[in-house]
Amino acid sequence: MRDIYHQLVKSAPDFKNFTDEALAESSDLYASGAFAINSALTLIGNLAFDATNAEDYSDEDARRDLVLVSHALRHLPRMAQALNRSGDAAEYVRGQRKKTGEKS
């Protein structure tokens, strides 16, 4: 069964034609986005677990989680916009195909 992972991987650009600078920038951006998602998931796990032991939740842990929140809030909205744009583009193509009667 296909999921969002497969759609994102399928629509990944062809890196063979990128310059070294573009490759470095793309690599950094993809890594930052992946780190943001992992940060959000780690944060949710930390907060859920630590909420049960509130007395043991140190200032250092709170700072760590705030850093994770900042990474998530910085990147996840743009990732959502990218996914929405891809979805809109797919719907546009489908609409155009319906108008012309084209099948794929």
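Residues numbered from 1 in each chain as written. Predicted model: local features only at pLDDT ≥ 70, side-chain atom pairs only at ≥ 80, totals over all residues. Heavy atoms only, no water.

S.K.: Help me understand the overall build of the protein, please; the structure alone is not making it clear to me.
M.R.: The helix and strand tally for the protein stands at 3 helices and 0 strands. Overall, the protein shows an N-to-C arrangement of helices and strands of α-α-α. For the C-alpha atoms alone, the extent of the protein along its principal axes is close to 65 × 35 × 25 Å. Within the protein, the fraction of its 104 residues that count as buried is 12%. In the protein, the share of contacts with a sequence separation of at least 24, taken over all contacts with a separation of at least 6, comes to 54%. With 13 positive and 16 negative side-chain charges, the protein shows a separation of 17 Å between the mean positions of the two kinds. (Helix = DSSP H or I, 4+ residues; strand = E, 2+ residues; numbered from the N terminus. Buried < 20%, exposed > 50% of the residue type's maximum accessible area, 1.4 Å probe, protein only. Contact = heavy atoms within 4.5 Å. Lys, Arg positive; Asp, Glu negative; His and termini not counted. Charge placed at Lys NZ, Arg CZ, Asp CG, Glu CD.)

S.K.: Looking at this structure, I do not really get the pattern of salt bridges. What am I missing?
M.R.: Should their charged atoms come close, side chains of opposite charge can pair. Scanning all chains against the criterion turns up 3 salt bridges. Arg-64 is the salt-bridge partner of Asp-65, the closest N and O atoms lying 3.0 Å from each other. Its relative accessible area of 2% is what places Asp-65 among the buried residues. (Salt bridge = Lys/Arg side-chain N within 4 Å of Asp/Glu carboxyl O.)

S.K.: Mind showing me how you'd approach the environment of Lys-16 here?
M.R.: Along the polypeptide, Lys-16 turns up in the loop between α1 (4-10) and α2 (20-51). Residue Lys-16 is classed as exposed on the basis of its relative accessible area of 71%. Considered as a pair, Lys-16 and Arg-74 are 58 residues apart in the sequence and their alpha carbons are 29 Å apart.

S.K.: Sorry, what's going on with the environment of Ala-34 here?
M.R.: Within the secondary structure layout, Ala-34 lies in helix α2. Ala-34 gets classed as partly exposed once you look at its relative accessible area, which sits at 39%. Taking the C-alpha atoms as reference points, Ala-34 and Leu-47, separated by 13 residues in sequence, lie 20 Å from one another.

S.K.: Whenever I open this one, the side chain of Ser-39 confuses me. Can you help?
M.R.: Within the element layout of this structure, Ser-39 appears in helix α2. The buried category is assigned to Ser-39, whose relative accessible area is 2%. Setting aside chain neighbours within four positions, we find Ser-39 in contact with Leu-68 and His-71.

Honestly, that's just the spatial picture; any functional story needs more than this.
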